[in-house]
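Here is what each chain is made of, one letter per residue.
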Amino acid sequence: MAPVVPRSGDAIFANFERVNAELFTLTYGAIVRQLLTDLEEVEEVNKQLDQMGYNIGIRLIDEFLAKSNVTRCVDFRETAEVIAKVGFKMFLGVTASVSNWDTEGTCCSLILEDNPLVDFVELPDTCQGLNYCSILSGVVRGALEMMDMDSDSIKVDLENGSTTNLDLEDDEVGSVEVSMKTEVTWVRDMLRGDDAFEFQVKLLKQVPEEYPYKDDE
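This text gives an overview of the structure that appears in the document. Computed from a predicted structure; not experimentally measured.

### With respect to the overall build of the protein chain
Reasoning step 1: The helix and strand inventory of the protein chain stands at 5 helices and 7 strands.
Reasoning step 2: Starting at the N terminus, the α and β elements of the protein chain follow one another as α-α-α-α-β-β-α-β-β-β-β-β.
Reasoning step 3: Within the span of the protein chain, comprising 217 residues, buried residues form 41% of the whole.
Reasoning step 4: Put simply, of all contacts in the protein chain between residues at least 6 apart along the chain, 64% involve residues at least 24 apart.
Reasoning step 5: Split by element, the accessible area of the protein chain, about 13,000 Å² in all, is 49% carbon and sulfur.

Below, the structure is given as structure tokens:
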């Protein structure tokens, strides 16, 4: 049997049931405005939007995997490319680019030059600290936490507070399924005059999957 080939974001988006883009944009804007009214503090709104996105991300991942035919990625670099090229296109209708990798391959930037969430949006002077699209960074953080990756090494926390890589290649396990704890930080925002939307995704920790039982020896 031929292997299942992952579907492209364009192919999925073309057959994806979706709401009217303008309605989606206006609804999100109404949510942000209500949060600003209720919470008053811009930083609290940023946190709430990020948490909303995180809650969405951990639930979207099952639908994403089912409809994209994407299997487990082999490293963080491949995972970022899948999220940018397939995930964003599938759910937002646009494609992100991945750049600015560090030497360890654990930190990169996702860049959006087109973002339907900000159509019709202008930030007033009182909201210049608002990360209007914080929901997107939250979605990425939540999805990565639930998206398994095969890894032949994992980061281990040491007692002195530092971390080290535990190589599994020589271990009888060989590789292990891990989920990813990440930190997502906004770098550029077109609503503040930048030329693109950019957020940095940093891999903090790889968490081995835990199973409720072990095979009998």
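Having seen the model, we can carry on.
### A word on the pattern of salt bridges
Reasoning step 1: Taken as a whole, this structure holds 6 salt bridges when the rule is applied.
Reasoning step 2: A salt bridge links glutamate 81 to lysine 85; its shortest N-O distance comes to 3.0 Å. Of this pair, glutamate 81 and lysine 85 are both found in helix 4 (residues 76–92), 4 residues apart, which corresponds to roughly one turn of the helix.
Reasoning step 3: Judged by its relative accessible area of 30%, glutamate 81 is partly exposed.
Reasoning step 4: Note on lysine 85: relative accessible area 37%, which makes it partly exposed.
Reasoning step 5: Of the charged contacts in the structure, one is a salt bridge between aspartate 195 and arginine 188, with a shortest N-O distance of 2.4 Å.
Reasoning step 6: Taking relative accessible area as the criterion, aspartate 195 reaches 57% and is therefore assigned exposed.

### Let's talk about the environment of leucine 92
Reasoning step 1: Topologically, leucine 92 is positioned in helix 4.
Reasoning step 2: A residue is classified by how much of its surface remains accessible, and leucine 92, at 14% relative accessible area, is buried.
Reasoning step 3: Sequence separation between leucine 92 and proline 116 is 24 residues, and the spatial gap between their C-alpha atoms is 7.5 Å.
Reasoning step 4: Non-local contacts of leucine 92, meaning those with residues more than four positions away in its chain, are made with Phe24, Asn115, Pro116, Leu117 and Leu136.

Conventions used here
- Residues numbered from 1 in each chain as written.
- Predicted model: local features only at pLDDT ≥ 70, side-chain atom pairs only at ≥ 80, totals over all residues.
- Heavy atoms only, no water.
- Helix = DSSP H or I, 4+ residues; strand = E, 2+ residues; numbered from the N terminus.
- Buried < 20%, exposed > 50% of the residue type's maximum accessible area, 1.4 Å probe, protein only.
- Contact = heavy atoms within 4.5 Å.
- Areas by Shrake-Rupley, 256 points an atom, 1.4 Å probe, with all protein chains shown as cover.
- Salt bridge = Lys/Arg side-chain N within 4 Å of Asp/Glu carboxyl O.

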